[in-house]
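Coordinates in review
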Amino acid sequence: TSLTSLMVSGDVIFAISPPFATAVAQLTSLRHLRISNVGHLSCFLLRTVQSKQLCSISLSWLTYDEGMEPHEVQKVEYHPVALLSQWTSTLESLAGNAWFTSLELPVFPHTVYPKMRKLRIGWDDHPLVAPYIRAYLNLEWIDFRAGDVFNWENDEETLREHHELNVRSQSIAGTRWQELERVDGCLIDFYILGLVCPISRINLRTSIRSEHDLEILSEVLTYAQPKELKIAAQILHTDHSFSELLRTAAGSRLENLLLHIDLSTSDRKVDIAAALERLGAALRVCPLRRLRLCVRAGGIDPTPLPRRSRAASLRRSGREMPQSTASDPPPPPIPLNLAERSLQAFDIAAYSRELGSAIASLTDAVFVIAGLRNDEIMISYIPPRAGVYQQDERTYEWEL
C-alpha cells in the first residue's frame, strides 16, 4: 500500500487487534502519524515501524488513570529525542500531549534532528529544554501549553526552581538556540521554559493582570526582544506598566504589535486617556511597522450586567427599552466615572495621526475603543502604504 497518513487510537486498538498493529508497523510509505492513547503497545510499535520517511508525528499519551503511570512515561527511553530516533534525518514536526518527560536532565549526545522545525508540547508540567535544544538545533516554532497544572499563588517556588534549572542549562555551550522564529504560550508557559534566546514572534495567550505578571513578562521579553508581539494587558497605568517596558530592550526590535487593553473595575478612577498618551510616547521609541491597538472598556461600565445586556440586545434588534410606568420608574442613569469621561473625550483620530507622524517606520495601524456605554465604538485607521500587503503578506494576519 502507498498509505502516507494514519491516525489511530493506539493502545486501545492494538490491545484488541495485535495483527492490526503488525500491519501498521509494516507500512513503508507513512509520512504523517498521529496516535492517541499512547502506552506500552504504541511505544513498541514506534520501535518497529518500517517507514523511514516519517516527517510529522503526534502522540497523545495515556494518563495514569487510564493505564500508564507518570513515572513510566518519564523513563529516559520514552523521551521524544530517544523514542523517535530512527527518524532523525526526516522528522520535521512533533506534537506531544501528556508526554511527561524525565525530571532528570537526560543527555543524548549523538542524536540530532536537522530537519525538525516545529515542536508542540501539551500538558507537560516540567519540560526540560536542554535535550530539545541539543537535538533540534534548527527548530523554529514552539507551541507550549502546560494546561491548568500550575498557578502562581500555590506553585511559585516550584515554578521558580524549574525556571532557574532551564535558564542554567542554557549557559552550557551548545544548549541555546541562536533564535526561534515563533513561540506560542501563556505567560506561565514562557516562564517554565525559561528561554534565553531571541524570539522573532511571540503570541501570549493570557492577559497580563498584575505587577507580578509584568515582572515575569519583563524577563521574558528582555531575553526574547521580539519583532512581533500579540498580547493582552490590564496593567496600563502603574509606574511599572507595559508602556514603560516598551522603552527597554524588550521593545528594541518590536516591529509588529497587536495589543488588547482590557479595562476592569479597578480602572474606573483612572485617567485612561492620559495612560494612552503615555503608551503612545513609549511606542514612538519602537521601530514599529504595524500596530493594532484595541481598548476594551466594558469593565469600567458600572451599569448592572442584566440591565446592560438587555439594553444592548434591544439596540441590536432595532428596538427601544420599554417605557416604565409611574409605579415602576426607570432607575436613574449611573454617572460616568473618570475612566469613562476620559475615554469619551479622547480624540482617537488625532492620536492616530500623531503616532503616524512620529513613527517614520509605521506602515499601517488600527485603533479601536470598544465597550463604551450605548455600545459606542471609536475607530481610527492609518491605511496601509501602497504595496505593503504584497511585499510582506505574512505579517498581515492580525485583524481585530
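It should be noted that the structure appears before, not after, this text.
This text gives an overview of the structure that appears in the document. (Residues numbered from 1 in each chain as written. Predicted model: local features only at pLDDT ≥ 70, side-chain atom pairs only at ≥ 80, totals over all residues. Heavy atoms only, no water.)

**What to know about the overall build of the protein chain**
Per the secondary structure count, the protein chain includes 15 helices and 13 strands. Among the 400 residues that make up the protein chain, the fraction classed as buried is 50%. At a minimum sequence separation of 6, the contacts of the protein chain that also span at least 24 residues come to 72%. With the model as given, the accessible surface of the protein chain reaches about 19100 Å², and the carbon-plus-sulfur share is 53%. (Helix = DSSP H or I, 4+ residues; strand = E, 2+ residues; numbered from the N terminus. Buried < 20%, exposed > 50% of the residue type's maximum accessible area, 1.4 Å probe, protein only. Contact = heavy atoms within 4.5 Å. Areas by Shrake-Rupley, 256 points an atom, 1.4 Å probe, with all protein chains shown as cover.)

**Examining the pattern of salt bridges**
A complete count under the given rule lists 14 salt bridges for this structure. The salt bridge involving E140 is made with R117; its shortest N-O contact spans 3.6 Å. Placement of the pair is E140 in the loop between α6 (129-135) and β6 (141-145) and R117 in the loop between β4 (93-97) and β5 (118-122), with a sequence separation of 23 residues. On the basis of relative accessible area, E140 is assigned to the partly exposed category, the value being 37%. What makes R117 partly exposed here is its relative accessible area of 32%. Three or more residues joined by partner-sharing salt bridges are found here, namely R120, D143, R145 and R205. (Salt bridge = Lys/Arg side-chain N within 4 Å of Asp/Glu carboxyl O.)

**Quick notes on the packing of aromatic side chains**
Tallying each qualifying case throughout the model produces seven aromatic pairs. An angle of 80° between the planes, with centres 5.2 Å apart, marks the rings of Y113 and Y136 as edge-to-face. Of this pair, Y113 sits in the loop between β4 and β5 while Y136 sits in the loop between α6 and β6; the two residues are 23 residues apart in sequence, bridging distant segments of the chain. Taken as a pair, Y113 and Y136 share a single burial class, namely buried. Cation over ring: K118 sits above W141, and NZ or CZ is 3.8 Å from the ring centre. (Phe/Tyr/Trp six-rings, centres within 6.5 Å; stacked < 30°, edge-to-face > 60°. Lys NZ or Arg CZ within 6 Å of the ring centre and 35° of its normal.)

**What about a nonpolar patch on the surface?**
On the surface, a nonpolar cluster with roughly 350 Å² of combined accessible area is contributed by V12, I13, I16 and F20. If you tally residues by element for the nonpolar patch, the top one is helix α1 (residues 10-16), at three residues. Summarising the element assignment, I13 is placed in helix α1. (Patch = residues over 30% accessible without salt bridge, like charges linked within 9 Å, V, L, I, M, F, W, Y side chains within 5 Å.)

**What about unusual backbone geometry?**
Unlike most non-glycine residues, N37 shows phi in positive territory, near 55°. Mapped onto the elements of the fold, N37 is located in strand β2 (residues 32-38).

**Digging into the environment of P302**
With respect to the helices, strands and loops of the structure, P302 is situated in the loop between β11 (290-296) and α12 (305-316). P302 gets classed as partly exposed once you look at its relative accessible area, which sits at 23%. Between the C-alpha atom of P302 and that of T265, which follows or precedes it by 37 residues, the distance is 7.9 Å. In this view, P302 contacts R268, I334, N337, E340 and R373; residues no more than four positions away in its chain are not counted.

**Structural notes on a negative patch on the surface**
A cluster of acidic residues, E157, E161, E164 and E219, forms a negative patch at the surface. Residue contributions to the negative patch peak at three residues, all from helix α7 (residues 152-169). Note on placement: E164 falls in helix α7. (Lys, Arg positive; Asp, Glu negative; His and termini not counted. Charge placed at Lys NZ, Arg CZ, Asp CG, Glu CD.)

**Quick notes on the pairing of strand β10 (residues 256-262)**
Each regular strand displays side chains that alternate between the two surfaces of the sheet. Of all seven residues in β10, seven are buried; the element is thus mostly enclosed. Side chains N256, L258, H260 and D262 of β10 all project onto a buried face; the interleaved residues L257, L259 and I261 project onto the opposite face, where all are buried too. Strand direction decides the pairing type here: strand β9 (residues 228-233) and β10, joined by six bridges, are parallel. Paired with I231 across the strands is L259, a residue of β10. Across seven bridges, β10 lies against β11 in parallel orientation. Bridge pairing in β11 places L259 opposite L293. Assessed by its sense of winding, the connection that carries the chain from β10 through helix α11 (residues 272-283) to β11 is right-handed. (Pairing = 2+ DSSP bridges. Right-handed = clockwise from strand over helix to strand, strands pointing away.)

**Regarding the nonpolar core**
By size, the foremost hydrophobic cluster in this structure holds 106 residues, and its most contacted members are L84, Y136, L217, F242 and L257. When residues no more than four places from it in sequence are discounted, the contact partners of L84 are L46, I57, L59, L91, L94, W99 and Y113. (Core = buried A, V, L, I, M, F, W, Y, C linked by side-chain atoms within 4.5 Å.)

**Notes on the side chain of S51**
For S51, the position within the fold is in the loop between α3 (40-48) and β3 (56-61). A distance of 3.3 Å separates a polar side-chain atom of S51 from the backbone nitrogen of Q53. Residues in contact with S51, not counting those within four places in the same chain, are L27, T28, S29, L30, Q86 and W87. (Polar contact = N/O pair within 3.5 Å; in protein donor to acceptor, adjacent residues only side chain to side chain.)

**Quick word on the packing of α7 against helix α9 (residues 211-224)**
Closest axis-to-axis distance for the α7/α9 pair is 14 Å, and the angle between their directions is 15°. The orientation of α7 relative to α9 falls into the category roughly parallel. Here the hand of the crossing between α7 and α9 comes out left-handed. Taking contact as the criterion, the partners of W152, E156, H163 and V167 in α7 are, on α9, H212, D213, I216, E219 and Y223. For the contact of α7 with α9, the per-class residue count stands at four nonpolar, two polar and three charged. (Axes fitted to C-alpha atoms, helices over the stretch in contact; angles between N-to-C directions. Parallel < 35°, antiparallel > 145°, perpendicular 65-115°, else oblique. Left-handed = near helix turned anticlockwise from the far one by under 90°. Nonpolar A, V, L, I, M, F, W, Y, C, P; charged D, E, K, R; others polar.)

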